[in-house]
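# Examination of the molecular architecture
The residues making up each chain are set out below.
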Amino acid sequence: MRRTRFKWQIAFLVLLSVFGTFGLRPAAAHADGGRLVLAFYYNWFDENSWGASKVPDQPAQTYVSRDRAAMGRHIDQAKAAGIDALVVNWWGPQADNQTETNLRAMLDEAAARGFRLAVDVDMNSPYLRGAGDIQAAMSTLLNTHGNHSAYLKVDGKPVVFFYHQNARLSTNGWAAIRNAVDPGRNSLWIEEGTDVSPLTVFDGHHLYSVTWANRTDMSYTANKFARLVRAKAAALGAPKIYVATVMPGYDDRKTGRGSAFAVGREDGAYYARSWQAAIGSSPDWIVINSFNEWPEGTYIEPSQAYGSLFLDLTAQWSAAFRGSAPAPALPTAAPVPTARPKPAATPTRPKPTPTPTRPPTPPERAFHHPGGITAK
């Protein structure tokens, strides 16, 4: 009898181990049951944002972010390209902050079109000066925007991305904030960076950039971080979301940064290899960097130089990721990186042109950008 009971105990532990291991990697999560394709979106452009001296290319139709017609056009374009949600750069809930006022308007525009938005909380924000500001902002975000009908939710939970979160707070600091504003873990928090240790607090991980000056092999990078996230999930005994990043190229040489560089688009071949690398790592979600980050040259929005090429490619690769269409053929002459150097530091983002009413923080990390001074 004791031996029989022991056998059943062993069998139960084996089954628990098998199903528990599979459970550490979430099923492809989507509010509608499929895989998520997201794209970072920037809503701080104004009349002073455009010009050959400021951005490497121009939108096919220049705009100001506060224009609801532009919001609607971008939502329609993203939706047609197979993007499930735009992840909007957000500096906090202050009324004098255009990332907040524009987000409110854009959520209504998205609701009218059956589309969704999420937020990328930007730790470069001059409004988020410390733990108290961040906690208040997160509480407001979850209690207001997170309840909007157009806000992206997965299994009923609002999705929140973070950029450079470790630049302001330690993991313990983030744990204190999360315990205060989301003790029941009723939202999904996706952290960013090359360190996956914050997954003790966050629900998922992504890299803001996979395009560095040292031309790191994108397939190697995608698979490396997929392994790191899944290993961390196994160690924690909790599911974690791996979000792979795709990019069409990069060019921030007109930002005035000393570290500026460019990686060419190769008429879409670089973007295709980026998608292939991301899909090959079997991610839960994919995020495109970006829909319209013009100063860094990562836009897929229709442009004067490329027309709608990158939206067309996005539609094809989004379908391939979901398994509803075969992957497009890769160009045969695409260069293959031979080295696998360590990733370079994630590039910092250029900032909105309007000058915030509050000073940047910390002062020693500030730099001047045309139109104002912002936190770096």
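We now turn to the structure provided with this report.

## Here we look at the overall build of the protein
On a plain count of helices and strands, the protein comes out with eight helices and 13 strands. In the protein, which comprises 376 residues, the proportion classed as buried is 53%. A sequence separation of at least 24 residues applies to 72% of the contacts in the protein between residues at least 6 apart. Here the protein displays about 15500 Å² of accessible surface, and carbon together with sulfur accounts for 55% of that area.

## Quick notes on the packing of aromatic side chains
Scanning the model with the defined rule gives 21 aromatic pairs in all. Between Tyr 271 and Trp 275, the ring centres sit 6.2 Å apart and the planes meet at 80 degrees, which makes this aromatic pair edge-to-face. Within this pair, Tyr 271 and its partner Trp 275 are both found in helix α7 (residues 269–280), separated by four residues, close to a single helical turn. Its relative accessible area of 0% is what places Tyr 271 among the buried residues. Taking relative accessible area as the criterion, Trp 275 reaches 0% and is therefore assigned buried. Members of the aromatic cluster, each reached through a chain of ring pairs, are Tyr 42, Trp 44, Phe 45, Trp 50, Tyr 63, Trp 294 and Tyr 299. Sitting above the plane of the Tyr 299 ring, Arg 265 keeps its charged end 4.0 Å from the centroid. Directly above the ring of Phe 310 sits Arg 265, whose terminal nitrogen or CZ lies 4.6 Å from the centroid.

## Describing the nonpolar core
Formed by 99 residues in total, the largest nonpolar core has its most connected members in Ile 83, Leu 86, Val 121, Trp 189 and Trp 285. Leaving out residues up to four positions away in the same chain, Val 121 has contacts with Trp 90, Leu 128, Met 138, Leu 141, Val 160, Phe 161, Phe 162 and Tyr 163.

## Some points on helix α3 (residues 98–112)
Along its 15 residues, α3 runs 21 Å from first to last C-alpha, staying within 8% of the 21 Å computed at 1.5 Å per residue. Those residues of α3 that fall on the buried side of the exposure criterion are Thr 99, Glu 100, Asn 102, Leu 103, Ala 105, Met 106, Leu 107, Glu 109 and Ala 110. Looking at the buried side of α3, the elements it contacts are β1 (36–41), α2 (68–80), β2 (85–90) and β3 (116–122). Gly 114 lies just past α3 and shows a positive phi near 65 degrees.

## Topic: empty space enclosed by the protein
Counted by the stated rule, this structure contains three cavities of 30 Å³ or more. Of the voids in this model, the largest cavity is the one considered here, and its volume is about 50 Å³. Forming the boundary of the largest cavity are His 205, His 206, Leu 207, Val 210, Thr 221, Ala 222, Phe 225, Tyr 242, Val 243, Ala 244 and Thr 245. Elements with a contribution of two residues or more to the lining of the largest cavity: β7 (204–206), α6 (218–236) and β8 (241–246). Among the elements that make up the lining of the largest cavity, the one with the highest residue count is β8 (four residues). Within this model, the second largest cavity holds a volume of roughly 40 Å³. What lines the second largest cavity is Val 210, Met 218, Ala 222, Thr 245, Ser 274, Ala 277 and Ala 278. For the lining of the second largest cavity, the secondary structure elements donating two or more residues are α6 and α7. Counting residues per element, the lining of the second largest cavity draws most heavily on α7, at three residues. A per-class count over the lining of the second largest cavity returns five nonpolar, two polar and no charged.

## Looking at the pairing of strand β6 (residues 188–192)
β6 sits mainly inside the fold: five of its five residues count as buried. The pairing of strand β5 (residues 157–163) with β6 spans three bridges and is parallel. Paired with Phe 161 across the strands is Ile 190, a residue of β6. Here three bridges tie β6 to β7, and the two strands are oriented parallel to one another. Residue pairing in the sheet places Glu 191 in a bridge with His 205 of β7.

Calculation criteria
Residues numbered from 1 in each chain as written. Predicted model: local features only at pLDDT ≥ 70, side-chain atom pairs only at ≥ 80, totals over all residues. Heavy atoms only, no water. Helix = DSSP H or I, 4+ residues; strand = E, 2+ residues; numbered from the N terminus. Buried < 20%, exposed > 50% of the residue type's maximum accessible area, 1.4 Å probe, protein only. Contact = heavy atoms within 4.5 Å. Areas by Shrake-Rupley, 256 points an atom, 1.4 Å probe, with all protein chains shown as cover. Phe/Tyr/Trp six-rings, centres within 6.5 Å; stacked < 30°, edge-to-face > 60°. Lys NZ or Arg CZ within 6 Å of the ring centre and 35° of its normal. Core = buried A, V, L, I, M, F, W, Y, C linked by side-chain atoms within 4.5 Å. Expected span 1.5 Å × (residues − 1). 1 Å grid on protein atoms, 1.4 Å probe; cavity = no way out; pocket = protein on both sides within 12 Å on 5 of 7 lines; lining within 4 Å. Points joined across faces, edges and corners; volume = space filled by probe spheres on them. Nonpolar A, V, L, I, M, F, W, Y, C, P; charged D, E, K, R; others polar. Pairing = 2+ DSSP bridges.

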